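So you can see what is in the structure, the chains are spelled out below.
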Amino acid sequence: MHGNLKEPRYLFIINPAAGQGKTAGLFNSLKSLIEKRGAKFDFRITRVPGDAAGFAREGAERGYYTHIISAGGDGTSHEVVNGLLGSDVIFGTIPSGSGNDFPKAAGVPLDPVRAVDTLFSGDVKVVDVGRLGDKFFINGLGIGLDGAVSHRFKKLKLLRGQLGYVFGAVQEALSFKGFVTGVKIGDWEYDGRLLLAGASNGMYQGGKFKLAPEASVGDGLLDFHIIKDMGAFQRLVKIPKVLSGTHAGLEEVELRRGREMEITVERALPAHMDGEPFYLRAGTHKISILPGALKVITAPDSD
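Residues numbered from 1 in each chain as written. Predicted model: local features only at pLDDT ≥ 70, side-chain atom pairs only at ≥ 80, totals over all residues. Heavy atoms only, no water.

Draft legend 1. Molecular detail of helix H1 (residues 22-36). In a regular helix each residue adds 1.5 Å, so 15 residues correspond to 21 Å; H1 covers 22 Å between its end C-alpha atoms and thus fits that length. In the structure, H1 departs most strongly from a straight axis at Ser29, where the bend amounts to approximately 30 degrees. Within H1 the residues assigned to the buried category are Thr23, Leu26, Phe27, Leu30 and Ile34. In this structure, the buried side of H1 is in contact with strand E1 (9-14), strand E2 (40-45), strand E3 (67-72), strand E4 (90-95) and helix H5 (112-121). Residue Gly38 follows H1 closely and has a positive phi angle near 70 degrees. (Helix = DSSP H or I, 4+ residues; strand = E, 2+ residues; numbered from the N terminus. Expected span 1.5 Å × (residues − 1). Bend = angle between axes of the 7 residues up to and from the residue. Buried < 20%, exposed > 50% of the residue type's maximum accessible area, 1.4 Å probe, protein only. Contact = heavy atoms within 4.5 Å.)

Draft legend 2. Molecular detail of the side chain of Asn201. Position of Asn201 among the secondary structure elements: in the loop between strand E9 (188-200) and strand E10 (222-228). There is a polar contact of 2.8 Å between the side chain of Asn201 and the backbone oxygen of Asp128. (Polar contact = N/O pair within 3.5 Å; in protein donor to acceptor, adjacent residues only side chain to side chain.)

Draft legend 3. Spatial organisation of empty space enclosed by the protein. A complete count under the given rule lists 1 cavity of 30 Å³ or more for this structure. The volume enclosed by the largest cavity comes to roughly 260 Å³. Lining the largest cavity are 21 residues, and of these Leu145, Leu196, Phe209, Ile239 and Val242 lie nearest its centre. It is helix H8 (residues 232-244) that contributes the most residues to the lining of the largest cavity, 4 residues altogether. Residues that form the lining of the largest cavity fall into these classes: 14 nonpolar, 4 polar and 3 charged. (1 Å grid on protein atoms, 1.4 Å probe; cavity = no way out; pocket = protein on both sides within 12 Å on 5 of 7 lines; lining within 4 Å. Points joined across faces, edges and corners; volume = space filled by probe spheres on them. Nonpolar A, V, L, I, M, F, W, Y, C, P; charged D, E, K, R; others polar.)

Draft legend 4. Structural view of a nonpolar patch on the surface. Nonpolar side chains collect at one region of the surface, where Val170, Leu174 and Leu236 lie side by side and expose about 230 Å² of accessible area between them. Checked against the element boundaries, Leu236 lands in helix H8. (Patch = residues over 30% accessible without salt bridge, like charges linked within 9 Å, V, L, I, M, F, W, Y side chains within 5 Å. Areas by Shrake-Rupley, 256 points an atom, 1.4 Å probe, with all protein chains shown as cover. Salt bridge = Lys/Arg side-chain N within 4 Å of Asp/Glu carboxyl O.)

Draft legend 5. Examining the environment of Glu252 more closely. Inspection of the secondary structure assignment puts Glu252 in the loop between H8 and strand E11 (253-258). What makes Glu252 buried here is its relative accessible area of 11%. Between the alpha carbons of Glu252 and Ile226 there is a distance of 8.1 Å; along the sequence they are 26 residues apart. Setting aside chain neighbours within four positions, we find Glu252 in contact with Ile226, Ile227, Lys228, Met230 and Lys238. A distance of 2.8 Å separates a polar atom in the side chain of Glu252 from a polar atom in the side chain of Lys238.

In structure tokens form, the structure reads like this:
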């Protein structure tokens, strides 16, 4: 609509609570870098969940901003993208969360100073976005055990970051009850008890878990994973394989690439989208891909 003729105007949406609160101090130090660029920018600070999505929607609808930037973790990016999707605004991120899964997948530097440089000197890359109902995810969706882990992770006060996620995974591995489901991906079908199911746009979930070692954010496909239920001991033995991305050969694991998955669940299940916990209600749900739906600023050398 506006093309790139318009003077760049940036809206920074900062989540001061992200990354155990380190984002609050971080932005003050980065602000001078942004000012040095002589860029026109505004910033909004989130206070409660939902603020980032609201600020992004408002910013995109104004038609004033060319770029909307998320400063925080994957949860903040998730909200910002849900707010701006469908507009021609370019998305950028300054990663300062616990996992930073999406920046890794998209080729955004994890160092905040380099990430700021990238906003002004990077390339615009078109990436895919996943969809479940009327919500969108940029990195991944998990249903079942990994959903339960993200609910538990949100409650952990002392142990945060990637270690907290691994700790949560071990606790849930011992207590989570498998669920009965029916899954369809293309012409492949499965009915039975699962431990977890989900879709990856990027390679990592939960910071360290290499759930979809082959996933690419720009291939127009989602990498679906289905892990069948198993006993507590087997779960503990096999979690490290998921961490290292060597779980593809396990008999309980099914990895399939496609544009769409249909899943039917009999009870409400813990789930997450880009690490943000929610409950998937009982019934049939469709998870699909929107190819090339989002423009992201990435490092010039990222493929």
